[in-house]
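Here is what each chain is made of, one letter per residue.
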Amino acid sequence: MSDNKTATQRTTIVCTTIKDVRSEIDKLKKSGKKIGFVPTMGALHAGHLSLIQHAREKSDAVVVSIFVNPTQFGPNEDYDSYPRQVESDIKDCEQEGVSIVFVPDRGEVYDEKNYLNITVEELNNHMCGGSRPGFFEGILLIVNKLFNIIKPDVAVFGQKDIQQVQIIRQMVHEFNHDIEILCASIVRANDGLALSSRNMYLDENERVIAPSLYRALHYIESQVMSGVDTPKLLLDHQKSELEAKGLEIDYLNVFDKKTLQPVPVLSKGSEYIIAGAVYLGETRLIDNILIEL
Ligand code: PAF
């Protein structure tokens, strides 16, 4: 630890092993505390802090995990360069009144070879699952492990990763985890850009262009809410506008909130996700808006 405090002086307990985190959580549970959990990959920003605040409101003691999970990165993705700043993350957690930060290393969580996997059917065919093979399998693997280690009462995830939230809800349902899953709203910069650890990859120029994705989603939302029920032309037009600004489109579409399939014709009384992912230089940006017609 680079700061002067010893582990015992910290108000936040930092655990690196499963054995230690389990024993600390046991103590909290024995004293009747409801455990709120916020899993993260670190590089905490105001979006994560809002998840922690949400967890604090819904529980008596918050546990945050910081682990850059290798199994959710593809071979050509940014696992090695993903921002790592554990010391400042722990300080942020202390400031937010987090009870326990769990920071395992790779060997603590994964064996050299895993014989089992979790597969996802259909829910990962589109959106981020469509362009990141194995991504949600990797997420379910780690979240399942973390749920079994922490055994929280509630876990909070961010709406920015809405496909992740919905697939985790399905896992909790199908695997009978006794955990309430909460979804916290997206935190945005003043110009609308959804906060993300990957925003730190953007150069000055790219940072100016980046909020265009949110503006496009917002425009689509306004059109759909005022009666456009077959959004194809609208989507095509917004894609061209984004491309003209130098963004490469991964996807931009309206999806059913439960099945996560694209919906060509929208109907009243249904819930949808207007979602997009774009590349700006090397950086992949995602964002979404939830609507109910
Ligand atoms: O949303 C994230 O940061 C990650 O996907 C999660 C849930 C911490 C699993 O690694």
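Being a predicted model, the structure only gives us computed values, none of them experimental.

*Asks:* I'd like a rundown of the overall build of the protein chain, residues and numbers included.
*Replies:* When its secondary structure is counted, the protein chain shows 10 helices and nine strands. Relative to a compact globule of 293 residues, whose C-alpha radius of gyration would be 19 Å, the protein chain shows 20 Å and is just as compact. In terms of its C-alpha atoms, the protein chain occupies a principal-axis envelope of roughly 60 × 45 × 40 Å. Counting over 293 residues, the protein chain shows a buried share of 52%. Partitioning the intrachain contacts of the protein chain with sequence separation of at least 6 by distance along the chain shows that 72% fall at a separation of at least 24. Entry remark: accessible area of the protein chain is about 14500 Å², with carbon and sulfur atoms responsible for 48%. Each charge sign in the protein chain was given a centre, from 31 positive and 42 negative side chains, and these centres are 5 Å apart.

*Asks:* Now, about the environment of M127: what can you tell me, with residues and values included?
*Replies:* Relative to the helices and strands, M127 is located in helix α5 (residues 127–131). Judged by relative accessible area, which is 5%, M127 ranks as buried. Once the C-alpha coordinates of M127 and A277 are considered, the two residues, 150 residues apart in sequence, prove to be 7.8 Å apart. With residues up to four places along the chain from it excluded, the contact list for M127 reads I162, Q163, Y251, F255, L260, I273 and A275.

*Asks:* Describe the packing of helix α1 (residues 18–30) against helix α6 (residues 135–150), listing the residues and the values that go with them.
*Replies:* One can describe the packing of α1 onto α6 by two numbers: an axis separation of 9 Å at closest approach and a directional angle of 50 degrees. In terms of their interaxial angle, α1 and α6 are classed as oblique. Residues I18, V21, R22, I25 and K29 of α1 lie in contact with α6, whose contacting residues are N148, I149 and I150. Tallied by class, residues from the contact of α1 with α6 come to five nonpolar, one polar and two charged.

*Asks:* Tell me about the sheet that holds strand β8 (residues 271–280), and name the residues and values.
*Replies:* Spatial ordering of the open sheet is given by β7-β8-β9, a layout of three strands whose pairing is antiparallel. A single partner strand is all that each edge strand has here, and the edge strands are β7 (248–256) and β9 (283–292). In this sheet, neighbouring strand axes are inclined to one another by 10 degrees on average, regardless of whether the strands run parallel or antiparallel. Both β8 and β9 contribute to a ladder of 10 bridges, which runs antiparallel. Each residue of the ladder has a partner; that of V278, found in β9, is L285.

Conventions used here
Residues numbered from 1 in each chain as written. Predicted model: local features only at pLDDT ≥ 70, side-chain atom pairs only at ≥ 80, totals over all residues. Heavy atoms only, no water. Helix = DSSP H or I, 4+ residues; strand = E, 2+ residues; numbered from the N terminus. Rg over C-alpha atoms; globule rule 2.2 N^0.38 Å. Buried < 20%, exposed > 50% of the residue type's maximum accessible area, 1.4 Å probe, protein only. Contact = heavy atoms within 4.5 Å. Areas by Shrake-Rupley, 256 points an atom, 1.4 Å probe, with all protein chains shown as cover. Lys, Arg positive; Asp, Glu negative; His and termini not counted. Charge placed at Lys NZ, Arg CZ, Asp CG, Glu CD. Axes fitted to C-alpha atoms, helices over the stretch in contact; angles between N-to-C directions. Parallel < 35°, antiparallel > 145°, perpendicular 65-115°, else oblique. Nonpolar A, V, L, I, M, F, W, Y, C, P; charged D, E, K, R; others polar. Pairing = 2+ DSSP bridges.

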